[in-house]
Amino acid sequence: MFPTGFVWGAATSAYQIEGSISADGRGTSIWDTFCRQDGRIVGGDHAEVAIDHYNRYAEDVRLMADLGLTAYRFSVSWPRIQPLGSGAHNTKGLDFYKRLVDELLSYGIDPWLTLYHWDLPQALEDAGGWPARDTSKRFADFAALVHAELGDRVRNWSTVNEPWCAAFLGYASGEHAPGRREPAAAIRAAHHLNLAHGLAARAMRAQNADSQIGGCVNLYAISPATGSEGDADAARRIDGLQNRFFLDALLKGEYPEDVLKDLGAVTDLGFIEDGDLATIAAPLDMLLINYYSRFTVSGAPGGAQSASAAPTDSGSPWVGSEHVGFVNGGRPVTGMGWEIDGSGLREVLDRLVADYPRLPLYISENGAAFDDVVAEDGTVHDPERAAYIDTHLRVCHDAIEAGIPLRGYFAWSLMDNFEWAWGYGKRFGLVYVDYETQIRTMKSSALWYADAIRHGGLLGPAE
Ligand code: FCB
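Residues numbered from 1 in each chain as written. Predicted model: local features only at pLDDT ≥ 70, side-chain atom pairs only at ≥ 80, totals over all residues. Heavy atoms only, no water.

Caption draft 1: Seen up close, the overall build of the protein chain. Regarding its fold elements, the protein chain presents 15 helices and 11 strands. Relative to a compact globule of 463 residues, whose C-alpha radius of gyration would be 23 Å, the protein chain shows 21 Å and is just as compact. Each of the three principal axes of the protein chain carries a C-alpha extent, and together these read 55 × 50 × 45 Å. Within the protein chain, buried positions represent 62% of all 463 residues. Counting contacts in the protein chain only where the partners sit at least 6 residues apart, residues at least 24 apart contribute 78% of the total. With the model as given, the accessible surface of the protein chain reaches about 16,200 Å², and the carbon-plus-sulfur share is 50%. Placing the 38 positive and 62 negative side-chain charges of the protein chain at their respective mean positions leaves the two points 4 Å apart. (Helix = DSSP H or I, 4+ residues; strand = E, 2+ residues; numbered from the N terminus. Rg over C-alpha atoms; globule rule 2.2 N^0.38 Å. Buried < 20%, exposed > 50% of the residue type's maximum accessible area, 1.4 Å probe, protein only. Contact = heavy atoms within 4.5 Å. Areas by Shrake-Rupley, 256 points an atom, 1.4 Å probe, with all protein chains shown as cover. Lys, Arg positive; Asp, Glu negative; His and termini not counted. Charge placed at Lys NZ, Arg CZ, Asp CG, Glu CD.)

Caption draft 2: Here's a closer look at the pairing of strand β4 (residues 156-161). Counting buried residues along β4, 6 of its 6 residues qualify, which places the element largely inside the surrounding structure. By the bridge criterion, 4 bridges tie strand β3 (residues 110-116) to β4 in an arrangement that is parallel. Each residue of the ladder has a partner; that of Y116, found in β4, is V160. As paired strands, β4 and strand β5 (residues 212-224) are joined by 4 bridges and run parallel to one another. Bridge pairing links W157 to I213 in β5. (Pairing = 2+ DSSP bridges.)

Caption draft 3: Local environment of the packing of helix α13 (residues 342-355) against helix α14 (residues 383-401). Between α13 and α14, the shortest axis-to-axis distance is 8 Å and the interhelical angle comes to 35°. In this structure, α13 crosses over α14, and the sense of that crossing is right-handed. Contact with α13, carried on its side by G342, L345, R346 and L349, involves T391, H392, V395, C396, D398 and A399 of α14 and no other residues of that element. In the contact of α13 with α14, the residues fall into 5 nonpolar, 3 polar and 2 charged. (Axes fitted to C-alpha atoms, helices over the stretch in contact; angles between N-to-C directions. Left-handed = near helix turned anticlockwise from the far one by under 90°. Nonpolar A, V, L, I, M, F, W, Y, C, P; charged D, E, K, R; others polar.)

Caption draft 4: Here's a closer look at the packing of aromatic side chains. Within the structure shown, the criterion is met by 40 aromatic pairs. Between W118 and W420, the ring centres sit 4.7 Å apart and the planes meet at 45°, which makes this aromatic pair tilted. Of this pair, W118 sits in the loop between β3 and α6 (122-126) while W420 is found in the loop between β9 (406-412) and β10 (431-433), placing the two residues 302 residues apart along the sequence. Note on W118: relative accessible area 7%, which makes it buried. Residue W420 is classed as buried on the basis of its relative accessible area, which comes to 3%. Members of the aromatic cluster, each reached through a chain of ring pairs, are Y15, W31, F34, W118, F418, W420, Y424 and Y435. Over the face of the ring belonging to Y54 we find R80, whose NZ or CZ atom lies 4.1 Å from the ring centre. Between the NZ or CZ atom of K252 and the centre of the ring of Y356, over which it lies, the distance is 4.8 Å. (Phe/Tyr/Trp six-rings, centres within 6.5 Å; stacked < 30°, edge-to-face > 60°. Lys NZ or Arg CZ within 6 Å of the ring centre and 35° of its normal.)

Caption draft 5: The arrangement of the pairing of β3 in detail. Where burial is concerned, most of β3 is hidden: 6 out of the 7 residues are buried. As defined by bridge partners, strand β2 (residues 71-75) adjoins β3 across 5 bridges and the pair is classed as parallel. The residue of β3 that forms the bridge with F74 is L113.

Caption draft 6: The arrangement of the nonpolar core in detail. Of all hydrophobic cores here, the largest spans 159 residues; its most connected members are W31, Y116, F168 and Y449. With 11 residues, helix α9 (residues 183-207) is the single largest residue contributor to this core. Each residue touching F168, except ones within four places of it in the same chain, is listed here: S173, G174, A186, I187, A190, L241, F246, P317 and V319. (Core = buried A, V, L, I, M, F, W, Y, C linked by side-chain atoms within 4.5 Å.)

Caption draft 7: Seen up close, unusual backbone geometry. Residue A177 is joined to P178 through a cis peptide bond whose omega torsion reads 5°. One can find P178 in the loop between α8 (163-171) and α9. Cis geometry marks the peptide bond from W412 to S413, where omega comes out at 5°. Tracing the chain through its elements places S413 in the loop between β9 and β10. For E162, which is not glycine, the phi dihedral falls at a positive 50°. For E162, the position within the fold is in the loop between β4 and α8.

Caption draft 8: Broad picture of the pattern of salt bridges. Counting across every chain of the model gives 38 salt bridges. In this structure, the salt-bridge partner of D372 is R385, at a minimum N-O distance of 3.0 Å. Here R385 lies in helix α14 and D372 lies in the loop between β8 (361-365) and α14, a separation of 13 residues in the sequence. Residues D372 and R385 agree in their burial class; the two are buried. Bridged by salt links that share partners, the residues D233, R236, R237, D239, R244, D258, D262, R351 and D355 form one connected network. (Salt bridge = Lys/Arg side-chain N within 4 Å of Asp/Glu carboxyl O.)

Caption draft 9: Looking closely at the site of the ligand. As a matter of local geometry, the ligand sits amid Q16, H117, W118, N161, E162, Y292, E365, W412, E419, W420 and F428. In this structure, an oxygen atom belonging to the ligand sits 3.0 Å away from a side-chain N or O atom of N161. Within the side chain of E162, an N or O atom sits 2.6 Å from an oxygen atom of the ligand. Across the complex, the protein chains shield 95% of the 300 Å² of accessible surface that the ligand would expose by itself. (Near = heavy atom within 4 Å. Polar contact = N/O pair within 3.5 Å; in protein donor to acceptor, adjacent residues only side chain to side chain.)

Caption draft 10: Spatial organisation of α13. The terminal C-alpha atoms of α13, which comprises 14 residues, lie 20 Å apart, in line with the 20 Å expected from a rise of 1.5 Å per residue. Buried within α13 we find G342, G344, L345, V348, L349 and L352. Here the buried residues of α13 occupy an arc of 160° about the axis, which is enough to place them on one side. Buried residues in α13 make contact with β5, α10 (229-252), β6 (286-298), β8, α14 and β9. (Expected span 1.5 Å × (residues − 1). Arc of directions from axis to C-beta.)

Caption draft 11: Summary view of the state of the cysteines. Taken as a whole and assessed by the stated rule, the structure comprises 0 disulfides. With no disulfide partner, C165 has as its closest neighbouring cysteine sulfur the one in C216, 9.7 Å distant. Given a relative accessible area of 6%, C165 falls into the buried group. (Disulfide = S-S within 2.5 Å.)

Caption draft 12: Seen up close, the environment of E384. For E384, the location among the structural elements is in helix α14. Taking relative accessible area as the criterion, E384 reaches 42% and is therefore assigned partly exposed. C-alpha separation for the pair E384 and D372, spaced 12 residues apart in sequence, amounts to 9.9 Å.

Caption draft 13: Structural view of the side chain of H192. Turning to its location among the elements, H192 is positioned in helix α9. Setting aside chain neighbours within four positions, we find H192 in contact with W130, P131, A132, R133 and S136.

Printed below as a string of C-alpha cells:
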C-alpha cells in the first residue's frame, strides 16, 4: 500500500499527442521543421495529426477518469501560445489549455503543467536557438505569461523537461530537433536551458508564492563495465554529463569541476556569466525525475555502441567524452533496447537524498515501449509493460518505506504517441491508439494500473 495522498499519474507531451499543428494560429516549432527534413524520423513519420488530442482532449480526459488517475502531467506548446516565441499571446492557443485544465478539474484530476517539452518556436531557433542566451529570457517571459493565465487553476508547474535531451540530442548528436551537430553549441544550450529554468522559476514565484514549482531531469544509474580505471573514468564522465551537470546546477548552484574540466577542451565556457548559477539554483518545491534505465559504460577505445543509440544517422551526444562506449549490461530490454533495471531507480533516489538538499520527489516519467499486438477481439494484452511498471512501483514503495520523500509516480505514457525520431513505431501507452481511426483502447496494463490506483497499492505481480 502507498501512503494516502500518493500521486497516481500518467504523462504526455504536447508535440507527441496534439496534432493540429496549423490550427488556431499556432506558429511553427522546430519539430515541425525537423520532421519535414529527409532522414530525420524513422519512416518519414510526422506529427501533423499525431493522436489528434487537440480535438479529442475531452475523450482523453474521460479515459484518465476511467483509469482513476489523480494527476495528469502534460506540456503546453510554446508556438501555440506565442507563435513566434515572444510578444502577445495567441488567445485561441491559450484557450485550448484552459479548456483542457477545466476538463481535468471537473473530474478531480490534478493538472501538472510542463512549460517546455522540446517544441521551441522556429522563430527562436532562427535567432540562434538554445545556444543563444536570449532564448532563456524569452522562455522566462513565456513562463510568466502562461503562469499568469493558468496559475489560478494549475498548482503544479515544471519548467524544462529533460534539459539533457534538449541540449545534447538537439545540438550535439542531432538526433532531435533542431538537428544541429555542434558540440560547443550544445554545451551553451545546456547552460541556457538551466538558466531558462531558473529565470522561469523566479518569474512564476514572484506571481504566486503558492504555486509548486519544480525542475525535471532525466537521470540514469550508471555502472562501469569493469573495475578498470578507464571504465571508472567513463562512468564518472557520463554521470557528470547526464546527471550532475543538471543536478548540481539546479540544486547546489554550481557546475561539477570535473565536468567543466572535461568540457574545457571543447569550449572556454565564457558564456557562463556571474550570477547565472545563483539564478539557476532558484528555490524549488519539488524535483521531477524521469527514469528509464541504467547505462553500463566502458572507457576502452572502440567500446560497443548503446542499443539505445539514435535510430537515424547522428553524431555523439557525449560532448568531450565521445570515446566512451556503452556496453550490454546483460539485463532484459524493452522494445527500445533499454535495459530494465528497477534497482537503478533506487540508486538514483538514494543519491539524491545523500548528495543534495532534501526536496519532495516525483517520478514524472517511467514506462516502456513494447511491440503491442491487437488480438482478434480487439484487446491488447501487454503483461511486459505492467511488469515494468510494477517493478518500478515496488522500488518506489520501498524507497518511501526507507524514508525517501517520494510523493508520486507518473507512467509514461498515458497513450501511444509520436516517439520523436522513432516516429509511431514505438508504443509507450497504457492506452493503445489505432493511428488510422484514432480509436483508443485500454491495454491490459491500463486495467492493471487502474486496479492498483483503486486499491492504493500493488496487488501482486503483474499478469
Ligand atoms: C523521454 C521523453 C518523452 C518520451 C520518453 C520515452 O525522454 O521525455 O517525451 O520520449 O522519453
